[in-house]
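Descriptive structure summary
Each chain is listed here by its residues.
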Amino acid sequence: MFVSLWVYKRFFFLPLSNTILSCFKDNSVFAWEFDTLHCKYQLSAPVEGSVLFYKVFAVTRDGRTLVAGGKSNHLHLWCLELKQLIRIIQMPEKVRAVRHLEFLPDSFDGGSNQVLGVLSQDNIMRFINIETCKLLFDIGSPEEGISTAVISPNGRYIASVMENGSLNLYSVQALTQEGNKPPPFMFRVVEDGPKYTPEANKLITKVTSGRSKRPWKSNQRKIQSRLLKLQANTSLENKENELPGGLNKKRLQALLKGFGEYPAKYRMFVWRSLLQLPENHLAFSSLIDRGIHSAFVNIQKEYPIKSGKLLRVLQRTLSALAHWSAIFAETPYMPLLAFPFVKLFQNNQLICFEVVATVVVNFCQHWFEYFPNPPVNILGMMENVLAHHDKELLQHLIKYNVTSQVYAWPLLETLLSEVLTREEWLKAFDNIFSNHPSYFLMIVVAYVICSRASLLHCNQAADFEYFFHHRNNVDINVVIKEAYHLMEATPLEIHPQHMLDDFTPLTKGQYPVFNKYPTFIVNYQAQKWEKIRQDEIEYLRERQLAHESEAKAQEQKAEDEAWYRKQKLLQEAEEQRQKILLEEEKLAEQRQRLAVVKRELKVKELQLLDASRRRFLNYQQDQVQMELKRLNDEIARKASMRQQETNAIQVIEPESQKQLFEQHLIKDQEVVTKEMKEEMEAHRRKMDLEDQRVQRLTEIDKEIQKLHTVAEENLARAEQKHTDTDGRLHPQRRLGRDDQDRVRHYREIVKLLHDNRVKEAELLKAMRETEGKKQEDVVQNKAQLEEEQKAAAAADGHRKQFLDDKMNDELELAEKLQREDGCFERLHDLKARCTERGIDVQQMPRSGSICLNDLSTLASSPHTSRRAELARQERELMAEVWRLRRRLTSRAQARHPPARSPATAWSP
């Protein structure tokens, strides 16, 4: 409730957690639990002399490191695990305030980001290494400042909005490659800085420069990107070797044989790619939501682990495996098998579970067929391999009754984790994950063979058992080489590779069913464990009842002792009264003696006194008898009451047990009802997810239908274009046929000219008839054709001038048509008409030439060769016609000289 009295400045979630980190106006930082809204911790105040008002924050992906900045050139580096300030980074003197902080992601740093981008008030974003405090590179400049910037999730690109409104995209790979070049030495130190206390000076680290120039300024050439195309002849084997993340299994194996292991920085990434983990978040969440399995509730008693986090991760992983398949809840060595991977992947429980599941499915094949006994079939394979490669060692083991369950099974069930160090174990599993599952069996046999010198000196069973459960002086590199030798040198009939299946990754979406074990044994053991659990519950209930009965007996005993004490007190009082009565009798005797002395004096008085005394004694005796009778009645009454209470207790006790049992049944019914409600809620959530998927499929189907509609529209447009092309091609073919007719007529004209000059009028008439036929084919140019027919009827003397005028008209028409739509077919018709009239097309102005787009269309047409042939024939015919025209013109001028200047001569 007190939080509402403060003023928030900034709040955000920590990555991979449900913790809210908040910063208030008074510069205090608190961490809150999202579920309960309880304060988990508060960051302690910074050291004196380094206080700044926080404005911007950045957190690494693993949520362990917090960087805060504000109106200062200092950055505070907090460790959220230790809740303390571990470093103060001093930026260069040009930085006076920090506007934005963002870590540069790296796929191989496990979430502990090292490179931090700092956008300052000078609009330059500097990228520094928070460990070495080196300035790696910077982007932006005072002339082209950065307003805002964001980094892609994979850390490959940086997008920035500049102050001038432009958007720049930077390649981190290009920046880091240029920045990694060896620069001249330069050290930046802020002079005349503020005075700090000695404690602050220990934390402050100055940022130094790691390069001399800005990479984008020093390299002006553009970075060209190439798209690597998959070769068409890629083999099927290469496709099978392709792994997620762009890795190739063959190349990884070559790298492994060269260096013996994978780089430690990229080992986890390589393992995830080799095992092809599906990362089924929903399926894993459903297994985790079932809670801790009953078989692993008290696992800390059998496996005491100091780290509470590691114990919880191991417990959850084993519970998820048990919920996945019932065999894992009954397997005693499952914690030993899973613990190495739990320790490696404790920060990612999903990857940890899938790695263990993949190992069980592929590298533990046929292990559970003889459950609960060890896999004698697998041990038999290994013994055959050992017998083939080292008979002497096997005979020595047989001599001392050392079976494969002693020298092989301990190594298998612990995955070699007991006999190898961490580095050796990682190197061994680099090779195991990179090869066939049978290589795991071979490396166990190789370990035994490489230890032959020590084993041959052992002659007691305890020594053999100790050897295979503790670390020994064996070189893991020799073991790995020997395992590769066994893989190659083992005959096919005993080679485990032909008896084990190839590697099969887990399926995506849902995990595969694992039932390769004798279910009746597992069910029988589960029933036995359930019966033992019920017996234990019954025993605890009976023990509780016994304790209650004992308590009641003790209470009854205390009551009886109190009653006996009261009775004793009553008896003592009775004895006291008896003593008093004895004293009274003595006094009576004395009175009797006195009465004897005075009898003579008062006989009558004595007689009266004696009678009175006798009556008194009789009355007193009656009173004593009545008191004794009353005491006896009281004792009898209390005895009967005790008997009645005992009988009542005997009757009430079964009734109370019955009521207690009914209460337990009611509680069990409530638990079952609660579980049914949870199952119904889970089923409802599952149905909601399925409905969302169906809705998504419907949307995808609608999008596909839209794509089909667009494709149909495109197809209709293509068909329309094809129809238009055919429509254009048909007139072109018709024009071609007309051209052939025209060639034939031209040849007749040439023959007539050579035969008889007198028949020139008939030749001109034949040409006019041919032009009349052309007019029928070209309807759209009817007006022009009529003008041409009228012009053809003119006199022979004006024919030349008429043709020149007509040429100019046709050229103007061509330019007009080209300006309107640029249609190639109309220009081709114009060319044909010019050819008919003897006009030199080669001498046309450039404004009447065919546009480049139409030429490219003509070149891409399937009728290009045919058109070229027609054009060649047309040129030959034009040349021949022009020669005839020159002869006719020269003779006409000789007979009838023109009255005006001669027209421009035609040239071929």
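Residues numbered from 1 in each chain as written. Predicted model: local features only at pLDDT ≥ 70, side-chain atom pairs only at ≥ 80, totals over all residues. Heavy atoms only, no water.

**Observations concerning the nonpolar core**
The condition that has to hold: Among buried residues, those of type Ala, Val, Leu, Ile, Met, Phe, Trp, Tyr and Cys that are joined through side-chain atoms within 4.5 Å constitute a nonpolar core. Partly exposed describes any residue whose relative accessible area lies between the buried limit of under 20% and the exposed limit of over 50%, with all areas from a 1.4 Å probe on protein chains only and scaled to the type maximum. A run of H or I in DSSP counts as a helix once it spans at least four residues, and a run of E counts as a strand once it spans at least two, with each numbered from the N terminus. We call two residues contacting when some pair of their heavy atoms lies within 4.5 Å.
Within the largest apolar cluster, 104 residues are counted, with the highest numbers of intra-cluster contacts made by Phe341 and Ile443. With 11 residues, helix H18 (residues 438-450) is the largest single contributor of residues to this core. Ignoring sequence-local partners within four residues, the contact set of Phe341 consists of Trp271, Cys352, Val355, Val356, Val359, Leu415, Trp425, Phe429 and Phe433. Of all hydrophobic cores here, the second largest spans 18 residues; its members include Val56, Leu116, Val118 and Cys133.

**What about the environment of Glu465?**
Mapped onto the secondary structure, Glu465 falls in helix H20 (residues 461-467). Taking the C-alpha atoms as reference points, Glu465 and Tyr407, 58 residues apart in sequence, are found 7.5 Å from one another.

**Remarks on the pattern of salt bridges**
Note the cut-off: Just to be clear on terms, a salt bridge is a Lys or Arg side-chain nitrogen sitting within 4 Å of an Asp or Glu carboxyl oxygen.
Overall, the coordinates contain 10 salt bridges when judged by the stated rule. Here Glu538 and Arg541 are joined by a salt bridge, their closest N and O atoms 2.4 Å apart. One end of the pair, Glu538, and the other, Arg541, are both in helix H22 (residues 519-597), 3 residues apart, so they sit about a helical turn from each other. You can call Arg541 partly exposed: its relative accessible area is 25%. Between Arg630 and Glu627 there is a salt bridge whose closest N-O contact spans 2.1 Å. You can see Arg630 and its partner Glu627 sitting in helix H23 (residues 603-755), 3 residues apart, about one turn around the helix.

**Things to note about the pairing of strand S11 (residues 125-129)**
Formally: Paired strands are those between which DSSP finds at least two bridges.
Counting buried positions along S11 yields 5 of 5 residues, so the element is predominantly enclosed. Covered by surrounding structure in S11 are Met125, Phe127 and Asn129 together with Arg126 and Ile128, the residues of both alternating faces. Across 5 bridges, strand S10 (residues 115-120) lies against S11 in antiparallel orientation. Each bridged residue has a counterpart across the sheet, and for Leu116 the counterpart in S11 is Ile128. Counted between consecutive antiparallel strands, the loop separating S10 from S11 contains 4 residues, among which Asn123 sits at a positive phi close to 65°. The pairing of S11 with strand S12 (residues 134-139) spans 4 bridges and is antiparallel. Residue pairing in the sheet places Ile128 in a bridge with Leu135 of S12. Here S11 folds back onto S12 in antiparallel fashion, the turn holding 4 residues, of which Cys133 has a positive phi close to 55°.

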